[in-house]
Amino acid sequence: MPVLGRDVTVPLVTGGEVTYAALDYAASAPALQRVWDDVAAYAPYYGSVHRGAGYLSQLSTDLFENSRRTVHEFLDCRDDDQVVFTRSTTDSLNLLAAALPAGCRVFVFETEHHASLLPWSDADVTYLDAPRTPADAVRTLERALADREPYGPALVCVTGASNVTGELWPVRELAAAAHAHGARIVLDAAQLAPHHPVSVRDLDVDWVAFSGHKLYAPFGSGVLAGRADWLQAAEPYLAGGGASRTVARRADGGVDVEWHTTAARHEAGSPNVIGVYAIASACKALTEAGFDALVARERHLIDTVRAGLAEVPEVRVLSLFGDDAPRVGVISFVVDGWNSSHFAAALSAEYGIGVRDGLFCAHPLVRTLLGSDPQDVGECGAPDAAPGERSLNAIRVSFGAGTPDEHVERFVTAVR
Ligand code: PMP
């Protein structure tokens, strides 16, 4: 699938220049050409959403609401599920956290991205130890849910695909375990949705969250989709126009507000119609390309990278579930004797390859993966680390739709 940015050339420290190899899709994926074309075709006709009688305002409102239907369909939501447009996965999960019923318990694995790990601090949170197999994950959750019974409302938050190891989590089984104990489950699909079809009905999750910029639609929007009841019982995430149906002064001088009971309740303010339209465009493009073909193509790229890394004895690929675990195109590793930040900088400066180094906003997970078998990864990974301080950081390569063979082959050659 054509993506933007394939024509960027970058200078090399060794002289000359090379086309840039964007291998950091897990942070932000390039825009699909199709998304760009759709956005460019609409942009001249941009207007206010839900706020105007004029033609362009009507057009924007239609695009916005049709985009909601497209996302609903893309996620195979239940008929009465609501699709709320947000800024990102982080925003979506914080919205849900703000909508938890009083006394809600939350269960979350320590291996989560910080966006899934941290928003629940106002609830009664149980942090679960890193599992070493998918079955272990299900057992760990079941045990934790059973140990803490009885409880009222409860929520499990789990990632679909790890942003560190790329490994797929047993979402359907975790959802079944959650429901068997009366808990609900939210799926962080930030890394899953760009690579695999996500069916809310089939996985039987209560909510799903993802970001446009990882789904080839980098225009500042995200999605929280799922059950309406908790969302509609909660105070609006943001108070303001668009979320309120009617507002009136009371005789006692105060203000009475009747809030919407649709997704609009949590979408106060003028929405990011371009970002939302871009997400819908990406959903359509991915569906039309077909996930079977996308998964098969990505499988080939994953195999190339893993086989290349396996040839270098100093490389250790990070994995929670082992070599055979199904995964998406996100692979993290360390190289003996190398500081990961220096290694990533060298890939950029000498080969024009963009990867990421660090702890990937999943500090407990990366510590678990590296900590049990510390590598000599050199001095100071973090910019503010003290001289001589050992760092536990890693290098992450990630790719997806539109990644040419040449990019991953160049990466493998460079690592070698
Ligand atoms: N969850 C996962 C698994 C992620 O990989 C990320 C982004 N790295 C997020 C949540 C947060 O996404 P965003 O930064 O778009 O809010």
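The following paragraphs examine the structure supplied in this document. Please read all numbers here as calculations on a predicted model, not as lab measurements. (Residues numbered from 1 in each chain as written. Predicted model: local features only at pLDDT ≥ 70, side-chain atom pairs only at ≥ 80, totals over all residues.)

1. What about the packing of helix α1 (residues 33–42) against helix α9 (residues 273–289)?
Between two packed helices, both the angle of their axes relative to each other and the distance between the axes serve to describe the pair.
For step 1, the next point in the chain: It is at 9 Å that the axes of α1 and α9 come closest, and there the two elements cross at 140 degrees. Overall, the two elements α1 and α9 adopt an arrangement that is oblique. Seen from above, α1 lies across α9 with right-handed handedness. Residue-level inspection shows R34, V35, D38, V39 and Y42 of α1 in contact with α9, the latter providing I274, Y277, A278, S281, A282 and A285. (Axes fitted to C-alpha atoms, helices over the stretch in contact; angles between N-to-C directions. Helix = DSSP H or I, 4+ residues; strand = E, 2+ residues; numbered from the N terminus. Parallel < 35°, antiparallel > 145°, perpendicular 65-115°, else oblique. Left-handed = near helix turned anticlockwise from the far one by under 90°. Contact = placed C-beta atoms within 7 Å.)

2. Looking at the site of the ligand
For step 1, the next point in the chain: The ligand sits among 15 residues. The nearest are S88, T90, N163, A190 and S211.
For step 2, the next point in the chain: Contributing elements (two or more residues each) for the shell around the ligand: α3 (89–98) and α4 (114–117).
For step 3, the next point in the chain: Residues of the shell around the ligand, tallied by class, amount to 4 nonpolar, 10 polar and 1 charged. (Near = placed C-beta within 6 Å. Nonpolar A, V, L, I, M, F, W, Y, C, P; charged D, E, K, R; others polar.)

3. Section: the sheet that holds strand β7 (residues 154–159)
For step 1, the next point in the chain: Reading across the sheet, the 7 strands line up as β4-β10-β9-β8-β7-β5-β6 and stay open at both edges, with mixed pairing between neighbours. Single-partner strands in this sheet number two, and they are β4 (82–86) and β6 (124–128). Mean inter-strand twist for the sheet, computed between neighbouring axes without regard to direction, equals 20 degrees.
For step 2, the next point in the chain: By the bridge criterion, 5 bridges tie strand β9 (residues 207–211) to strand β10 (residues 222–226) in an arrangement that is antiparallel. Bridge pairing in β10 links S211 to G222.
For step 3, the next point in the chain: Strands in contact with α3 are β4, β8 (184–188), β9 and β10; relative to β10, the strand with the most contacts, it is inclined by about 40 degrees. (Pairing = 2+ DSSP bridges.)

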